[in-house]
Amino acid sequence: MKRSRDRLRIGFIPLADAAALIVAVDKGFTAQEGLDVELVREVSWSNVRDKLNIGLFDAAHLIAPVAIASSLGIGHVRVPIVAPFCLGINGNAITVTPALHSALAEAADGDLLDPMVSARALGRVVAARRRRGQDPLTFGMTFPFSTHNYHIRFWMAAGGVDPDEDVRLVVLPPPYMVESLANGHVDGFCVGAPWNSVAVDLGIGVILHFVSEILARASEKLLAVRQSWSEENPDTLLRLVRAHQQAASFIEDTRNRGEVAEILAAPGRIGVAAEVVRRTLDGNLKVTPSGAMRASDRYLLVGRHGAARPDPIQAAWLYAQMVRWGQAPLSPEHLAAATAVLRPDLYDAALGRSECAAHAGEPADGIGAFTGPSFDPADIAGHLSAWSIKRGG
Amino acid sequence: MESTKPGSGKAGCSSTGAALKILLIDGDPIRREILKAGLLEAGFLNVVRIESTNGLLDQVYRIDPDVILIDLEDPSRDVLEQMFQVSRIVRRPIAMFVDQSDQSTTEAAVEAGVSAYIVGGLQKERIKGILELCISRFNAVARLQDELARAKDALEARKLIDRAKGILMQAKGLSEEQAYAALRKTAMNEKRKISDVAQAVVTASDLLK
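Owing to the predicted nature of the structure, the values given are computational and were not obtained by experimental measurement.

Definitions and limits used
- Per chain, the residues get numbers from 1 upward, laid out in the order the sequence is written.
- The lettering of chains begins at A and the numbering of ligands begins at 1, in the order of writing.
- At least 70 in pLDDT is required for a residue's local features to be given in this predicted model, at least 80 for side-chain atom pairs to be given and counted, and no such filter applies to totals for whole chains, interfaces and linings, which use all residues.
- Side-chain figures throughout are based on the complete set of non-hydrogen atoms in the structure, without hydrogens or water.
- The secondary structure listing takes helices from DSSP runs of H or I that are at least 4 residues long and strands from runs of E that are at least 2 residues long, numbered from the N terminus.
- To estimate how far a helix should extend, the number of its residues minus one is multiplied by 1.5 Å.
- Exposure categories follow from relative accessible area, calculated using a 1.4 Å probe and restricted to protein chains: below 20% of the type maximum is buried, above 50% is exposed, and the middle band is partly exposed.
- Polar contacts, as counted here, are pairs of nitrogen or oxygen atoms within 3.5 Å of one another; within protein the pair requires one atom able to donate a hydrogen and one able to accept it, and residues that are adjacent in sequence qualify only if both atoms are side-chain atoms.
- Whenever a carboxyl oxygen of Asp or Glu lies within 4 Å of a side-chain nitrogen of Lys or Arg, that contact is scored as a salt bridge.
- Contact between two residues is taken to exist if any of their heavy atoms lie within 4.5 Å; hydrogens are not considered.
- pLDDT is defined as a per-residue confidence score from the predictor, taking values between 0 and 100.

Novice: Give me the lowdown on helix 14 (residues 312-324) of chain A, citing residues and values where you can.
Specialist: Every α-helix winds through 3.6 residues per turn, so residues three or four apart in the chain are directed the same way. Residues and elements named next belong to chain A. Between its first and last C-alpha, helix 14 extends 18 Å over 13 residues, near the 18 Å set by a 1.5 Å rise per residue. With 11 of 13 residues buried, helix 14 is to be regarded as a mostly interior element. Of the residues making up helix 14, those classed as buried are Gln314, Ala315, Ala316, Trp317, Leu318, Tyr319, Ala320, Gln321, Met322, Val323 and Arg324. Between the side-chain oxygen of the N-cap and the backbone nitrogen of Ile313 there are 3.0 Å, and the N-cap of helix 14 in question is Asp311.

Novice: So what's going on with the pattern of salt bridges? Which residues, and what values?
Specialist: Residue and element names in this part refer to chain A. A full pass over the atoms with the stated rule returns 44 salt bridges over all chains. Note that Asp26 is salt-bridged to Arg269, the shortest N-O span being 2.8 Å. With Asp26 in helix 1 (residues 19-26) and Arg269 in the loop between helix 12 (257-265) and helix 13 (274-282), this residue pair connects regions lying 243 residues apart in the sequence. The class of Asp26 is partly exposed, set by a relative accessible area of 34%. The salt bridge involving Asp345 is made with Arg343; its shortest N-O contact spans 2.9 Å. A relative accessible area of 41% means that Asp345 is categorised as partly exposed. Through salt bridges with shared partners, one network takes in Glu252, Arg257, Arg278, Asp282 and Arg304.

Novice: Quick rundown of the side chain of A:Asn149? Include the residues and the values.
Specialist: All names here are of chain A. Position of Asn149 relative to the elements: it lies in helix 7 (residues 147-158). A polar side-chain atom of Asn149 sits 2.7 Å from the main-chain carbonyl oxygen of Pro144. Among all residues touching Asn149, those that are not within four sequence positions of it are Met141, Phe143, Pro144, Leu169 and Gln327.

Novice: Account for the confidence of the model for chain B, with residues named and values stated.
Specialist: Residue and element names in this part refer to chain B. Overall, the predicted model of chain B reaches an average pLDDT of 82, with 85% of residues at or above 70. The lowest-confidence element of chain B is strand 4 (residues 94-96), averaging 71 in pLDDT; the highest-confidence one is helix 6 (residues 176-190), averaging 93. Every residue in residues 1-15 scores below 50 in pLDDT, and together they form 25 contacts with partners more than four places removed in sequence or on other chains. Reported confidence for the predicted complex is 0.86 by ipTM and 0.86 by pTM.

Novice: So what about the side chain of B:Asp26? Which residues, and what values?
Specialist: Locating B:Asp26 in the fold gives a position in the loop between strand 1 (21-25) and helix 1 (29-41). Side chain to side chain, B:Asp26 and B:Arg31 meet in a polar contact 2.7 Å long.

Novice: Talk me through unusual backbone geometry; I want residue IDs and the actual numbers.
Specialist: The omega angle of the peptide bond from A:Ala193 to A:Pro194 is 10°, so this bond is cis rather than trans. Note on placement: A:Pro194 falls in the loop between strand 9 (188-191) and helix 9 (195-201). Even without glycine at this site, A:His305 takes up a positive phi of about 55°. Relative to the helices and strands, A:His305 is located in the loop between strand 14 (300-301) and helix 14. Not every positive phi belongs to a glycine, and B:Lys191 is a case in point at roughly 55°. Checked against the element boundaries, B:Lys191 lands in the loop between helix 6 and helix 7 (194-208). By relative accessible area, B:Lys191 is classed as exposed at 78%.

So, in structure tokens, the structure goes:
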């Protein structure tokens, strides 16, 4: 089990937002920092969490709410996790079957591109199905403690749809999402790239929303390490952050996009067509099987607009969702433990920066939700009181 | 824990083992059989295997097991984690087996590639023996697969060396012993494996054809 300090084993799930990690290693940025990294491709978030927790991994590409849940000790054993680098902001999308998309379009009282219009339309479709005695709609997401779970809940609840009572919301591993949409097990899902595009390309899904239309700025995956490991290996950690920052800058330079897409598309990495990865990085996605395109410069942020610098407000928002949906109790101690996961101080220490540069065009409250009051991390109870559909808080 | 002897009774089960319903989720059909046989020998008579993880949640509810054992290579593990949650679709809560007082068992399980979940209020002591049995079987299967892979490699290497010897015998008029000695000498001088030198000879010969 004992490895020398410079040999690291890092776990990841084959998703586009593992880009900074994969490029850091495969493009040699970690080697330049004197780190010998073995990347291990994993099949489930449970595996990534457990292997990080018990020390089989030194670091991991980890979905932000799993890191927070691990630090809080909810759903599993308590192992404090810290993230010195954010691997991505945004990147998720909500995809529905062509049949559900038609039903939503028929029920819409405006432009379906507006998430409030689509959420209200969903409310009408759900009510009509209930009147006709049909089964509730089923939606897939990736994990109980996942951004996907909170994003799709936030959206549908805004339209008056209770995600626990009015529809079935089920966990599906990302590789099974598309198959489940094809065989009718689900009517829609919220998942990261490239799976939405894969469903569209197969002609079985329509991308309804980029999550960046629902929340302008949503922290997605983290470079996560055990807090104890960060304290035992401070120098290695800073080198790891520097290698990631170099990778993020390389990825965001549009001249490198072709090369980056090839690196990520490799069979041992994400393992899909380079062209699909490219669309994700460029934020220019085919959204319907007939070929309609939608572009957004916010679809997936890997480093630009300050995306790589961990922001504790993001952890507070995710914790607030855990409270809203009855996964965690509301307490100042829990909030403090959740926000302590995101460590801008470690990011700054690695890169020799002392303050966070303001980024023009970013939401004032750090989140930019399409509905509801501004998010205030100091008043989570107030945030929760704005919503009628909730379990806890 | 390393014992793989049949009927070694490591699971320490008693007659109560027969009453426990154990659900096995393992995509490897050979290992699934080995596990089931091991559990039966240890007195766990009520072992259910599933073939497909389609609609896993519904299958789990239909089978209604007390213990779930899952191969870590199966992405459906995340589906099981949903059953920790309190919600309308979860009828009987499950929890991952984690023994805080015996961290080594949990670690050994993850390293071996298996995980265990406890359904309802089953006591932790009752699952530990089952998990230990699984760990030893998983490790035994991994060793067998490793040995098989090495045997295959050795066979491939031998075939390659035979081809290289044939090429050298024909090209340079050497005897079989002389051809082998030439390969071995080159390998020693260049600090490479004989099979690597043989591969180089075969490749070069193919190029010159």
